[in-house]
Amino acid sequence: MKGTIVRRIVNVILVLAILAAAAMPARAWDSFGHMEVAYLAYQKLTPATKARVWTLLQLNPDFATWESTIPAGTSDTDKQLMIFMIASIWADEIKSVVPYKNRFTDEDPQNVNVPDGATSGQNIGYTDLFRHRYWHFIDRPFSRDGTPLPPVPQPNALTELIAFRAVLSSTSADDLKSYDLVWLLHLVGDVHQPLHCTTRVENGAPNGDQGGNAVKCPNCVPGFGELHGFWDDVLGTTGDNPDYQSVIVAAKKLPKPVVAKAKIKDADVWITEGVAYAKSTVYKLPIVAGQGPFTLTPTYKTAAAALAKKCVALAGARLGNLLNQELK
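Notes on the structure follow. Being a predicted model, the structure only gives us computed values, none of them experimental.

## Structural notes on the overall build of the protein chain
Scanning the protein chain for helices and strands turns up 13 helices and 2 strands. Put simply, the protein chain has 328 residues, and 55% of those count as buried. Residue pairs at least 24 apart in sequence account for 76% of intrachain contacts in the protein chain once pairs closer than 6 positions are excluded. Carbon and sulfur atoms make up 58% of the accessible area of the protein chain, which amounts to about 13,100 Å² in all.

Here it is, written out as structure tokens:
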């Protein structure tokens, strides 16, 4: 079956790559990594959970667009896996990708990553056409030079993960559950990227470095010349890997997570892990105090890739376990 999936999915990712031409660069793990998370999670789902997920995903207003990319003759089993993976990147696609960019807006175009009042924390389903970029991360601050730590803005990835999970396990209407499901598929991956969990506060940057977005590294390849983008793309990008076979092959090679850790459902614990990884692996030589520019070494890049693989594998296992246990 997997060989059939590989042959038939190429067109799906090619279409997504075309749609992503206008995309913003900062995406945790990029679409490639998020789809790895989704693929791994799907392997863990029970038949009942798969059926429930399929029912909910069909309520997404862009389901027809997703389905139109599936090659004719694809089996129902294969199609459901493909659409589950595509759904995991919807929360990024609505930021700026055609055809979404003219439908969705930011509350404050001048401060798109900052919560902007009453609508910031609303959970009303698909009638909500705000992009909610600040839901993708939590700026839990740390400092190594004694600079006072600013408060953590809310809502953020943690508040929304809690809210979405509460809806999925409740008797809420399926339309709202569908909206919360596609966001949850994405945010579980997001908070397993260390720079979506923290911001480094220091002298000269008392409000933090925006999760490494302010830290420059001219040789951040992959990436876009800043530390956050390097970590987002360290596992590869849809541009570099424009076929589903690459996702499957890469996902199969990821290290198996520790079972006990995979069972942890507390998102606060996940984020605490991310902050610890940021301190131990992200903000280490050659990344020192200040915003650079810093030149990443081969040793740094190797360590980053190893940690990213570990985090994505754990995210996939946790997402699968979470859906099996909580989705009603």
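Here the narrative resumes.
## Some points on the pattern of salt bridges
Under the counting rule described, the total for this entry stands at 12 salt bridges. In this structure, the salt-bridge partner of Arg-103 is Asp-62, at a minimum N-O distance of 2.9 Å. Residue Arg-103 is located in the loop between α6 (90–96) and β1 (140–143), and its partner Asp-62 is located in the loop between α3 (47–57) and α4 (63–68); the two are separated by 41 residues in the primary sequence.

## Section: the pairing of strand β2 (residues 198–201)
Covered by surrounding structure in β2 are Thr-198 and Arg-200 together with Thr-199 and Val-201, the residues of both alternating faces. One ladder, built from 4 bridges, connects β1 with β2; its direction is parallel. Looking at β2, one finds that Phe-142 is bridged to Arg-200.

## Regarding the nonpolar core
Counting residues in hydrophobic clusters, the biggest one holds 89 residues, and the most contacted among them are Phe-84, Trp-90, Leu-227 and Leu-323. The dominant element in this core, judged by the number of residues it contributes, is helix α13 (residues 298–326), at 12 residues. Not counting chain neighbours up to four residues away, the residues in contact with Leu-323 comprise Leu-45, Thr-49, Phe-84, Leu-168, Leu-181, Leu-184 and Leu-185.

The rules behind each value
Residues numbered from 1 in each chain as written. Predicted model: local features only at pLDDT ≥ 70, side-chain atom pairs only at ≥ 80, totals over all residues. Heavy atoms only, no water. Helix = DSSP H or I, 4+ residues; strand = E, 2+ residues; numbered from the N terminus. Buried < 20%, exposed > 50% of the residue type's maximum accessible area, 1.4 Å probe, protein only. Contact = heavy atoms within 4.5 Å. Areas by Shrake-Rupley, 256 points an atom, 1.4 Å probe, with all protein chains shown as cover. Salt bridge = Lys/Arg side-chain N within 4 Å of Asp/Glu carboxyl O. Pairing = 2+ DSSP bridges. Core = buried A, V, L, I, M, F, W, Y, C linked by side-chain atoms within 4.5 Å.

Keep in mind that these numbers describe shape and distance, not what the molecule does.
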